[in-house]
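# Breakdown of the fold
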Amino acid sequence: MRATVDGDLCIGCGLCAEICPEVFIMNDEAIAEVIADPVPSEAAEKAREAAASCPVEAITIDEQAD
Ligand code: SF4
């Protein structure tokens, strides 16, 4: 699984980094960044939850990619 963040959409709410800090961090510009690529299997469920929780749907999950 791969996760990507569209930095143009991200409003910097911090929710993804709170839900799944293994995969998402907030960078110096308060935009979310992916730090685990591919997403480790043990973090997959939380990464999906983070994507579903993003208020602006800035996170894309590719289940097929490894
Ligand atoms: S949940 Fe969405 S808007 Fe909030 S920091 Fe993460 S990517 Fe950005």
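What counts, and at which threshold
- Residues numbered from 1 in each chain as written.
- Predicted model: local features only at pLDDT ≥ 70, side-chain atom pairs only at ≥ 80, totals over all residues.
- Near = placed C-beta within 6 Å.
- Nonpolar A, V, L, I, M, F, W, Y, C, P; charged D, E, K, R; others polar.
- Helix = DSSP H or I, 4+ residues; strand = E, 2+ residues; numbered from the N terminus.
- Core = buried A, V, L, I, M, F, W, Y, C linked by C-beta atoms within 7 Å.
- Buried ≥ 20, exposed ≤ 12 C-beta atoms within 10 Å, placed from the backbone.
- Contact = placed C-beta atoms within 7 Å.
- Pairing = 2+ DSSP bridges.

Not every one of the 14 residues close to the ligand is listed here, only the nearest: Cys 10, Cys 13, Cys 16, Ala 32 and Cys 54. Classifying every residue of the shell around the ligand by side-chain character gives twelve nonpolar, two polar and no charged.

Glancing now at the environment of Thr 60. Tracing the sequence through the fold places Thr 60 in strand S4 (residues 59–62). Put simply, Thr 60 and Val 5 are 55 residues apart on the chain and 6.4 Å apart in space, counted from C-alpha to C-alpha.

Looking now at the nonpolar core. Of all hydrophobic cores here, the largest spans 15 residues; its most connected members are Cys 16, Ala 47, Ala 50 and Ile 59. Secondary-structure elements contributing two or more residues to this core are strand S1 (2–5) and helix H2 (44–53). Setting aside residues no more than four positions away along its own chain, Ala 50 makes contact with Leu 15, Cys 16, Ile 19, Cys 20, Phe 24 and Ile 59.

This next bit is on the pairing of S1. Put simply, side chains in a regular strand alternate between the two faces of the sheet. On S1, burial follows the alternation: Ala 3 and Val 5 on one face are buried, whereas Arg 2 and Thr 4 on the facing-out side are not. The pairing of S1 with S4 spans four bridges and is classified as antiparallel. Note that in S4 the partner of Ala 3 across the bridge is Ile 61.

Keep in mind these values describe shape, not function.
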